[in-house]
Amino acid sequence: MADKSYRHWLTVIALCLLTGTVLTWSLRFCNAHDADSVILSIMAQQKLTLFYWGQNRYMNLLPVVTAWIDDISTNQQVQVWLRASLAAAYPLFVIVLLRPKASLLLCFAAALAALLTIFQFDLIRILWTDGQPYGLSLALMTGAMLLTSRLGGRGIAWPLACVVLGSVLVVLAMLVNASLIIVAAPLFGLLILFAPSIQNVLLLAMSLGGYMVSKKLSNWIGGHEYDNIILDPANLSTAWNRIMAEVDGTALGLLAFLFVGGLIVTQMRHRAARSGGDPVVAPIAVRSIALSVACLIYMMLVPNIEWVILNISHVRYFGLILVLVTCLFAVVIVETLVDGERRIGMALAPPVLLMAALVLFRTSWPIAFPPSDQCSFIATEPGGAAQSSEYYARVALDRDIHLILGDYWKVWPAVFEAIRLSGREDIYGMTLRAEEMRPQILSRLDGNADERLLCTDRDMQVCLQWLTFSLGSGEYHGKPLSEAIEVVEEGTTPAGQYYRIIDLKEGEPMPDAALSEGSGQSR
């Protein structure tokens, strides 16, 4: 039996890697990466920081892991593959939490198929291949749950090692995505009340401790962004509207109906088979209700966290809840169908695995071959902000320009392309999040008084805004920036996007510039 469980785990890991591979090099997804995605590879190449540039949250764990990869295109592809592979493991969190009697492989395949069926293209992109923290943070928390489920019967050294390693994983999970506490705290708190166990106590303590560590580090880096949390039931309508815009509502509604029916059937079976020492409510029902309540709390809290207010309408802030709920529905339905019967599980496994594979390839087809020739890993579709990235990069390289400023969604893809084409790392963006590179930018300007800039905006005031933001000052060599710049070339890209080339006029020696804190773009 242990050997079979081992094989199931290996198969699930293989499915995660396969899903990551297919989604990474799918022609539907590989040419849909915006600035939030490519900037992670720029970070790995130019300057590794504890957190995502311009923030005091979202730990740069994957850029650290891939920092040894010098080629920025390869670096980006590896990061995307890791994101997608880790995100494919979403169902494991729910499976480990619920502990169904149905096989791991069957539950995993059903949940993965449900996710890829119900979610629309943009939500799959956001939660699997984009630069979001959900897949990595949930995988780390799942690892901690697995470790704390194996504490008994091995002396003191093994349980202690599991607790220490589990605590490290939870701290990393909170550093990667501090909002995970909004699910973890109520979830494990409710389980302590209604299904008390040492594991649930440990997981709640680890979650609270990990969150405090992440908060302490974030405050040390700068800012107090985790203080504004207010419970407001009215936010449920905002979450509901955003979620329903990104999913197949009919399929999700059907799953919800079957889930409720499954819980009723499970409880009836539990009551019929219950003996004196058994709990009144079926354990899987208790865990399902606890997770459902935690998800409701998350939906009421998330919109009130400070960094979300500017982007409250974006579905990515509710995506984690949608993942957990969909997996919950799928696992409970499978458990109800199997009802602990090994023969039924064996009969269901092949068709469910086949269905998961078909859904995966339907979602990702066509797939690039060979990958490097067909995937740009930038959102180059017509009408997108980054569609002229390669043109901007070639203009910069042809004119020996090292500084590109302007709109966030145009600048970082253009910087990525310029680094990819030239192999140089001394090409910098001057836009949101560029404050981390201010020392390098100032050093370059100090050594090259007649520096030229490429601005991607038509409005000259916007160019001046980002120049001021990136320099941390409204002056250049003692002159107001408005007097220190001269437009020497203007034009449009083949896609109709505007650009201008600006000369910075030489003046007095540049004074020492004090670094100032930028606002950054809220994620």
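Residues numbered from 1 in each chain as written. Predicted model: local features only at pLDDT ≥ 70, side-chain atom pairs only at ≥ 80, totals over all residues. Heavy atoms only, no water.

Enquirer: I'd like a rundown of the side chain of Gln 77, residues and numbers included.
Expert: When you line up the elements, Gln 77 lands in helix 4 (residues 72–87). Taking relative accessible area as the criterion, Gln 77 reaches 13% and is therefore assigned buried. Gln 77 has contacts with Thr 24, Trp 25 and Phe 377, leaving out every residue within four places of it along the chain. (Helix = DSSP H or I, 4+ residues; strand = E, 2+ residues; numbered from the N terminus. Buried < 20%, exposed > 50% of the residue type's maximum accessible area, 1.4 Å probe, protein only. Contact = heavy atoms within 4.5 Å.)

Enquirer: Can you lay out the nonpolar core for me, pointing to particular residues and giving the numbers?
Expert: Judged by nonpolar contacts, the single largest core of 112 residues is most densely connected at Phe 119 and Trp 128. When residues in this core are grouped by element, the largest group, 15 residues, is from helix 15 (residues 319–338). Within the second largest apolar cluster, 55 residues are counted, among which are Trp 53, Ala 393, Leu 403 and Met 437. (Core = buried A, V, L, I, M, F, W, Y, C linked by side-chain atoms within 4.5 Å.)

Enquirer: Any chance you could break down helix 18 (residues 389–398) for me, citing the residues and the numbers?
Expert: Of all the positions in helix 18, only Ser 389, Tyr 392, Ala 393, Val 395 and Ala 396 are classed as buried. In a view along the axis of helix 18, the buried residues occupy a sector of 160 degrees, so they form one face of it. Contacts made by the buried residues of helix 18 are with strand 1 (403–405), helix 19 (408–422), strand 3 (452–455) and strand 7 (498–504). Phi for Asp 400, located one or two positions after helix 18, is positive at around 55 degrees. (Arc of directions from axis to C-beta.)

Enquirer: Can you tell me about the state of the cysteines, naming the residues and giving the values?
Expert: Throughout the structure, instances matching the rule amount to two disulfides. Covalent S-S linkage joins Cys 30 and Cys 375, the inter-sulfur distance amounting to 2.1 Å. In this structure the cystine formed by Cys 30 and Cys 375 twists about its S-S bond by roughly -80 degrees; its chirality is therefore left-handed. With a gap of 345 residues between them, Cys 30 in the loop between helix 1 (2–24) and helix 2 (35–46) and Cys 375 in the loop between helix 17 (371–374) and helix 18 connect regions that are remote in the sequence. The burial state of Cys 30 is the same as that of Cys 375; both residues are buried. (Disulfide = S-S within 2.5 Å.)

Enquirer: Tell me about unusual backbone geometry, and please be specific about residues and values.
Expert: Residue Pro 366 follows Trp 365 across a cis peptide bond; omega there is 0 degrees. Within the secondary structure, Pro 366 sits in the loop between helix 16 (342–364) and helix 17. Unusually for a residue other than glycine, Asp 400 sits at a positive phi of about 55 degrees. Classification of Asp 400 by relative accessible area gives partly exposed; the value is 48%. A positive phi angle, near 80 degrees, is found at Arg 433, a position not held by glycine.

Enquirer: Describe in detail the packing of aromatic side chains, supporting the description with residues and values.
Expert: A full pass over the atoms with the stated rule returns nine aromatic pairs. Taking 6.2 Å as the distance between ring centres and 70 degrees as the angle between the ring planes, the aromatic pair formed by Phe 119 and Trp 128 counts as edge-to-face. Under the relative-accessibility criterion, Phe 119 is labelled buried at 4%. By way of ring pairs, the aromatic residues Tyr 90, Phe 119 and Trp 128 are connected into one cluster. (Phe/Tyr/Trp six-rings, centres within 6.5 Å; stacked < 30°, edge-to-face > 60°.)

Enquirer: Can you explain the sheet that holds strand 1? Please cite residues and give values.
Expert: If you walk across this open sheet you meet the five strands as 2-1-3-7-6, and the pairing is mixed. Single-partner strands in this sheet number two, and they are strand 2 (428–430) and strand 6 (485–492). Between one strand and the next, the sheet's axes are offset by a mean angle of 25 degrees, whatever the strand orientation. Here strand 1 runs beside strand 3; their pairing, made up of three bridges, is parallel. The residue of strand 3 that forms the bridge with Leu 405 is Cys 455. (Pairing = 2+ DSSP bridges. Axes fitted to C-alpha atoms, helices over the stretch in contact; angles between N-to-C directions.)

Enquirer: Describe empty space enclosed by the protein, listing the residues and the values that go with them.
Expert: Overall, the coordinates contain four cavities of 30 Å³ or more when judged by the stated rule. Size it by volume and the second largest cavity reaches roughly 150 Å³. If you trace the second largest cavity, you find 22 residues lining it, with Tyr 58, Leu 62, Arg 83, Gln 132 and Pro 133 closest to the centre. Contributions of two or more residues to the lining of the second largest cavity are made by helix 3 (61–65), helix 4, helix 7 (121–129) and helix 8 (134–148). Per element, the largest residue contribution to the lining of the second largest cavity is four residues, and it comes from helix 4. Classifying every residue of the lining of the second largest cavity by side-chain character gives 16 nonpolar, four polar and two charged. (1 Å grid on protein atoms, 1.4 Å probe; cavity = no way out; pocket = protein on both sides within 12 Å on 5 of 7 lines; lining within 4 Å. Points joined across faces, edges and corners; volume = space filled by probe spheres on them. Nonpolar A, V, L, I, M, F, W, Y, C, P; charged D, E, K, R; others polar.)

Enquirer: Residue-level account of the packing of helix 5 (residues 90–98) against helix 14 (residues 283–301), with values.
Expert: Between helix 5 and helix 14, whose axes approach to 9 Å, the crossing angle comes to 135 degrees. Considering their axes alone, helix 5 and helix 14 lie oblique with respect to each other. Between helix 5 and helix 14, the residues in contact are Phe 93, Val 94, Leu 97 and Leu 98 and Ile 284, Arg 287, Ser 288 and Leu 291, respectively. Residues of the contact of helix 5 with helix 14, tallied by class, amount to six nonpolar, one polar and one charged. (Parallel < 35°, antiparallel > 145°, perpendicular 65-115°, else oblique.)

Enquirer: I'd love a proper account of the pattern of salt bridges, names of residues and values included.
Expert: Throughout the structure, instances matching the rule amount to 10 salt bridges. A salt bridge links Arg 125 to Asp 130, with the nearest nitrogen and oxygen atoms 3.8 Å apart. Comparing Arg 125 with Asp 130 shows no difference in burial state: the two are buried. With a shortest N-O distance of 2.7 Å, Arg 452 and Asp 503 are connected by a salt bridge. Note that Arg 452 is positioned in strand 3 and Asp 503 in strand 7, a separation of 51 residues in sequence. What emerges from the salt-bridge pattern is a single network uniting Asp 122, Arg 125 and Asp 130. (Salt bridge = Lys/Arg side-chain N within 4 Å of Asp/Glu carboxyl O.)

Enquirer: Residue-level account of the pairing of strand 7, with values.
Expert: Burial analysis of strand 7 places seven of its seven residues in the buried class, the great majority of the element. The alternating pattern of strand 7 places Tyr 498, Arg 500, Ile 502 and Leu 504 on one face and Tyr 499, Ile 501 and Asp 503 on the opposite face, and all of these are buried. Bridge count for strand 3 against strand 7 is four bridges, and the pairing is antiparallel. Across the sheet, the residue bridging to Leu 453 is Ile 502, located in strand 7. Pairing between strand 6 and strand 7: seven bridges, direction antiparallel. The residue of strand 7 that forms the bridge with Ile 485 is Leu 504. A loop of five residues connects strand 6 with strand 7, the two strands running antiparallel in sequence, and Gly 496 in this loop sits at a positive phi of about 90 degrees.

Enquirer: Could you give an account of the environment of Leu 106, with specific residues and numbers?
Expert: Here Leu 106 shows up in helix 6 (residues 104–118). A relative accessible area of 2% places Leu 106 in the buried class. Sequence-wise, Leu 106 and Met 346 are 240 residues apart; in three dimensions their C-alpha atoms are separated by 8.7 Å.

Geometric descriptors of this kind do not, in isolation, establish any biological role.
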